[in-house]
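Report on the structure
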Amino acid sequence: MPIQKVSKNRLLLHACCAPCSIAVINELRVEYELYVLFFNPNIHPEAEYLKRKSEVVRVCREWKVSMIDLDYESTLWEELVAPVSQKKEGGPRCSTCFRLRLARTADYAKEHGFVYFATSLTMGRRKDSTVINAIGRTIAVQFGLKFLDTNWKKGGRWETGRRLTEEWGIYRQSYCGCRFSLEEMAKR
Ligand code: SF4
């Protein structure tokens, strides 16, 4: 009897960093034909951006998951958040930041024939998944795509991510990413 080949759905995952995405990649690579996209122009300074990116590259390489590395575009990010830059973490500055990253992911997904896209952003302990999912769903409608509504912190995934991050010796950052969050962290 011939073995039936099961073709999986292709999914484009926006990865914000390796500590947040390692458990997500591990799970989704089983369920989907997974592609990981790195687009995080919020990260400051550039050396930090390169450091975080290199850890995502390492995870994808190890698990043979295709990775798409888009341009840094930090100037665009600065322009977009300028009107809300003085707001605290968790407010409109973050919504603008999420929207840019998810819209760029959806744009790439649409252009390259994906139906599904998702993000690892909801793994962040200080990230409100309801805000991120609402933005993702709105963008999905705009682009005619399907967004995976998630709260990766749940179901033991946060703990799995923490364990894998430690086992792999992955760099774990101490602030969200932008220069404002770096300043806020320094004040704490
Ligand atoms: S705190 Fe994080 S989510 Fe908010 S604007 Fe800065 S980098 Fe983006």
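Keep in mind the model is a prediction, meaning the values are calculated, not measured.

1. Here's the deal with the nonpolar core
Judged by nonpolar contacts, the single largest core of 58 residues is most densely connected at Leu11, Leu12, Leu13, Ile25, Leu28 and Val36. Contributing elements (two or more residues each) for this core: β1 (10–14), α1 (18–31), β2 (33–38), α2 (46–63), α3 (74–81), α4 (92–111), β4 (116–119) and α5 (129–143). Broken down by element, this core gets its largest block of residues, eight residues, from α4.

2. Describing the pattern of salt bridges
In the structure shown here, the tally under the stated rule is 11 salt bridges. Here Asp69 makes a salt bridge to Lys53, at a shortest N to O gap of 2.9 Å. Pair noted here: Asp69 is in strand β3 (residues 66–69) and Lys53 is in helix α2, with a separation of 16 residues, a long-range link. Asp69 sits in the partly exposed class, given a relative accessible area of 41%. The class of Lys53 is buried, set by a relative accessible area of 13%.

3. Observations concerning the site of the ligand
The ligand sits among Asn42, Trp77, Glu89, Arg93, Cys94, Cys97, Phe98, Arg101, Cys176, Cys178 and Ser181. Residue contributions to the shell around the ligand peak at five residues, all from α4. Residue classes in the shell around the ligand are distributed as six nonpolar, two polar and three charged.

4. Description of the sheet that holds β4
The strands making up a sheet are joined through hydrogen bonds of the backbone, oriented either antiparallel or parallel. Strand order in this open sheet of five strands is β3-β2-β1-β4-β5, and the pairing throughout is parallel. The open sheet is flanked by β3 and β5 (146–147), the only strands paired with a single partner. With five bridges joining them, β1 and β2 adopt parallel strand pairing. Residue pairing for β2: Leu11 is matched across the bridge by Leu34.

5. Brief notes about the UniProt feature "binding site: [4Fe-4S] cluster" (unreviewed entry) in the protein
In this numbering, the UniProt entry assigns the feature "binding site: [4Fe-4S] cluster" (unreviewed entry) to Cys16, Cys17, Cys94 and Cys97. Within the element layout of this structure, Cys16 appears in the loop between β1 and α1. Of the residues examined, Cys16 reaches a relative accessible area of 9% and is grouped as buried. Beyond its immediate chain neighbours, meaning those up to four positions away, Cys16 contacts Phe38, Asn40, Ile43, Arg101, Ser120 and Leu121. Structurally, Cys17 is set in the loop between β1 and α1.

Reading guide: rules and limits
- Residues numbered from 1 in each chain as written.
- Predicted model: local features only at pLDDT ≥ 70, side-chain atom pairs only at ≥ 80, totals over all residues.
- Heavy atoms only, no water.
- Core = buried A, V, L, I, M, F, W, Y, C linked by side-chain atoms within 4.5 Å.
- Buried < 20%, exposed > 50% of the residue type's maximum accessible area, 1.4 Å probe, protein only.
- Helix = DSSP H or I, 4+ residues; strand = E, 2+ residues; numbered from the N terminus.
- Salt bridge = Lys/Arg side-chain N within 4 Å of Asp/Glu carboxyl O.
- Near = heavy atom within 4 Å.
- Nonpolar A, V, L, I, M, F, W, Y, C, P; charged D, E, K, R; others polar.
- Pairing = 2+ DSSP bridges.
- UniProt positions renumbered as here; feature names shortened; annotations may be inferred.
- Contact = heavy atoms within 4.5 Å.

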